[in-house]
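Chain by chain, the residues:
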Protein chains: 2
Amino acid sequence: MEDTAEMVGRAFVDHYYHLFDNDRASLSSLYRDTSMLTFEGQKFAGSTEISSKLTQLPLDQCRHVISTVDSQPSSPTGGGGIVVFVSGSLQLAGEEHHLRFSQMFHLIPTAEGSFYVQNDMFRLSYG
Amino acid sequence: MEDTAEMVGRAFVDHYYHLFDNDRASLSSLYRDTSMLTFEGQKFAGSTEISSKLTQLPLDQCRHVISTVDSQPSSPTGGGGIVVFVSGSLQLAGEEHHLRFSQMFHLIPTAEGSFYVQNDMFRLSYG
């Protein structure tokens with residue numbers, strides 16, 4: 001299960017940031033009504049509110065570059081959830097410097113054999 | 001439940017880093033046999049292995065200074081687990097500069113009304 005968690009975590013992270021950088025509105029499909037986002041300490045609940053926050057971020061053209069991805073099964077009894085911990089940097093169009101960030105996701109399996117984001121917490125890292 | 005998660009998360013973080021900085025061996029009581037630690041990409045499983053790694057870290061005198069703590073309930077169905085996301089810096093005795101870090105914990109409630117650490121992932125942040 002540990003290798004599965006790593007594989008799912010990496011595939012999810014690739015997919016998530018690809019959507020974020022290219023088709024941000026479609027991120028809403030990764031969240032559900034029970035989902036929670038804490039973005040720089042601000043809380044958002046449910047896929048509508050979360051998607052609205054993400055699409056309104058003032059990051060018209062940005063690119064996430066991932067440094068590390070760590071993943072573990074989240075349940076002691078094998079419930080199939082996965083916690084994913086990401087560090088990386090955010091490159092904004094026309095700006096030289098990068099913003100370092102870290103983010104964690106808690107993924108829950110769906111009945112269709114996929115995963116959705118139950119928990120999402122994002123923080124910029126100040127040096 | 002959201003406020004409870006924040007309260008538990010902050011109390012846990014204070015307790016955890018106080019033990020880390022003052023009585024590191026006693027951290028073992030916060031982990032169980034199912035617990036997992038990923039420390040800078042290295043994996044450890046079970047409280048014995050995790051505790052051994054933590055006590056052997058070459059950080060004889062250190063102090064964690066916490067910058068941010070974000071917490072959310074981890075289960076869509078109210079299982080009582082809490083995900084905690086921490087950023088801060090690590091100050092080593094005799095060294096001027098600080099090491100920035102971020103860390104996530106997944107806390108699971110115990111039958112005794114407390115919590116143990118199921119998931120722990122730690123990364124230093126390089127600038």
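Residues numbered from 1 in each chain as written. Chains lettered and ligands numbered in written order. Predicted model: local features only at pLDDT ≥ 70, side-chain atom pairs only at ≥ 80, totals over all residues. Heavy atoms only, no water.

### Section: the pattern of salt bridges
Opposite charge on two side chains lets them pair, provided their charged atoms get close. Applying the stated rule across the entire model yields six salt bridges over all chains. The shortest N-O distance in the salt bridge between Arg 123 of chain B and Asp 70 of chain A comes to 2.8 Å. Taken as a pair, Arg 123 of chain B in strand 6 (residues 115-125) and Asp 70 of chain A in strand 3 (residues 62-73) lie in two separate chains rather than in one. Like Asp 70 of chain A, Arg 123 of chain B is buried. (Salt bridge = Lys/Arg side-chain N within 4 Å of Asp/Glu carboxyl O. Helix = DSSP H or I, 4+ residues; strand = E, 2+ residues; numbered from the N terminus. Buried < 20%, exposed > 50% of the residue type's maximum accessible area, 1.4 Å probe, protein only.)

### A look at the relation of the copies chain B and chain A
For the pair chain B and chain A, the best superposition has an RMSD of 0.0 Å and corresponds to a rotation of 180° with a translation of 0.0 Å parallel to the axis. Each copy turns onto its partner about a two-fold axis. Comparing interface residues between copies, 100% of those in chain B also sit at the interface in chain A, which points to an isologous, same-surface contact. (Least-squares fit on C-alpha atoms with pLDDT ≥ 70 in both. Contact = heavy atoms within 4.5 Å.)

### Observations regarding the sheet that holds strand 5 (residues 98-109) of chain B
All names here are of chain B. Taken together, the six strands give an open sheet; going across it, the order is 2-1-6-5-4-3, and neighbouring strands pair in mixed fashion. On the outer flanks of this sheet lie strand 2 (42-45) and strand 3 (62-73), each paired with one strand and no other. Going across the sheet, the axis of each strand differs from the next one's by a mean of 15°, ignoring polarity. The pairing of strand 1 (residues 31-39) with strand 6 spans five bridges and is classified as parallel. Paired with Met 36 across the bridge in strand 6 is Asn 119. Strand contacts of helix 2 (residues 47-56): strand 1 and strand 2, with the helix running at about 40° to strand 1, the strand carrying the most contacts. (Pairing = 2+ DSSP bridges. Axes fitted to C-alpha atoms, helices over the stretch in contact; angles between N-to-C directions.)

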